[in-house]
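# A look at the structure
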Amino acid sequence: MLREFKEFAVRGNVVDMAVGIIVGGAFGTIVQSLVKDVLMPPIGLLMGGVDFSDIFLVLKGEGPYATLAEATAAGAVTLNIGVFVNNVVSFLIVAFAVFLLIKGINRLRRQQAKAPTPPTAPPEEILLLREIRDELRNTPARGDATRE
């Protein structure tokens, strides 16, 4: 059983999948930072200095709270609209990046499919049989005067 698990774990597909998951996690962190630190501040500034992560509704608790952190610290139940918007934007960026990646891979596959494959050489047995055939055609048969 241990041997079977080892064979499974070191198979190429499993290792490739593990690398993909690790790189995907790192990519997700980069995208979250892009959304939170680069994209949303200018959008919030255009909307009157709003920090999207602090857009929330208090469902239960003593109000008003200036930030989501204050509401959470006070134990208020909140509907975190801004955090949801940030996550939607993050998802759209990741989805678009994956779309571009798949589009590039498909373009490469189409180019490979269009490239003509060179004809494969016939097996050695076929070549030998052709040589024998050609020799027999060029060699006169015994008692046959017409082939001379």
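Residues numbered from 1 in each chain as written. Predicted model: local features only at pLDDT ≥ 70, side-chain atom pairs only at ≥ 80, totals over all residues. Heavy atoms only, no water.

### A look at the overall build of the protein
- The helix and strand tally for the protein stands at 5 helices and 2 strands.
- Starting at the N terminus and walking to the C terminus, you meet the elements of the protein as α-α-β-α-β-α-α.
- Taking the principal axes of its C-alpha atoms as reference, the protein extends roughly 120 × 50 × 20 Å.
- With 148 residues in all, the protein has 10% of them scored as buried.
- Of all intrachain contacts in the protein linking residues separated by at least 6 positions in sequence, the fraction that spans at least 24 positions is 42%.
- The protein carries 15 positive and 15 negative side-chain charges, and their two centres are separated by 5 Å. (Helix = DSSP H or I, 4+ residues; strand = E, 2+ residues; numbered from the N terminus. Buried < 20%, exposed > 50% of the residue type's maximum accessible area, 1.4 Å probe, protein only. Contact = heavy atoms within 4.5 Å. Lys, Arg positive; Asp, Glu negative; His and termini not counted. Charge placed at Lys NZ, Arg CZ, Asp CG, Glu CD.)

### A short note on the pattern of salt bridges
- Going through the model one piece at a time under the given rule, you end up with 1 salt bridge.
- Salt-bridge contacts for Arg133 lead to Asp134; the nearest nitrogen and oxygen are separated by 3.3 Å. (Salt bridge = Lys/Arg side-chain N within 4 Å of Asp/Glu carboxyl O.)

### Some details on helix α4 (residues 81-114)
- For α4, built from 34 residues, the straight-helix expectation of 50 Å at 1.5 Å per residue is met to within 8% by its first-to-last C-alpha distance of 49 Å.
- Turning to α4, its buried residues are Gly82, Asn86 and Ser90. (Expected span 1.5 Å × (residues − 1).)

### A few points about the environment of Leu2
- With respect to the helices, strands and loops of the structure, Leu2 is situated in helix α1 (residues 2-9).
- Placed 14 residues apart in sequence, Leu2 and Asp16 show a C-alpha to C-alpha distance of 21 Å.

### Looking at a nonpolar patch on the surface
- A grouping of Leu34, Val38, Leu39, Ile43, Leu46, Met47 and Val50 is seen on the molecular surface, where their side chains present a nonpolar patch of about 610 Å² in accessible area.
- For Val38, the location among the structural elements is in helix α2 (residues 12-46).
- Relative accessible area serves as the criterion here: at 47%, Val38 is assigned to the partly exposed category. (Patch = residues over 30% accessible without salt bridge, like charges linked within 9 Å, V, L, I, M, F, W, Y side chains within 5 Å. Areas by Shrake-Rupley, 256 points an atom, 1.4 Å probe, with all protein chains shown as cover.)

### Description of the side chain of Ser90
- Turning to its location among the elements, Ser90 is positioned in helix α4.
- Setting aside residues no more than four positions away along its own chain, Ser90 makes contact with Val31, Gln32 and Val35.

### A closer look at a positive patch on the surface
- Taken together, Lys103, Arg107, Arg110 and Lys114 make up a surface patch of like positive charges.
- Structurally, the position occupied by Arg110 is in helix α4.

### Some words on helix α5 (residues 124-138)
- With 15 residues, α5 should cover 21 Å at 1.5 Å per step; its first-to-last C-alpha distance of 21 Å lies within 8% of that length.
- Among the 15 residues in α5, 0 count as buried, and that is only a small part of the element.

### Re the side chain of Asn86
- Assignment of secondary structure puts Asn86 in helix α4.
- Given a relative accessible area of 11%, Asn86 falls into the buried group.
- When residues no more than four places from it in sequence are discounted, the contact partners of Asn86 are Val35, Met40, Phe52 and Ser53.

### A few points about the confidence of the model for the protein
- For the protein, mean pLDDT is 82; residues scoring 70 or higher make up 94% of the total.
- Looking across the protein, the model is least confident in α1, with a mean pLDDT of 78, and most confident in strand β2 (residues 77-79), with 92. (pLDDT = per-residue confidence, 0-100.)

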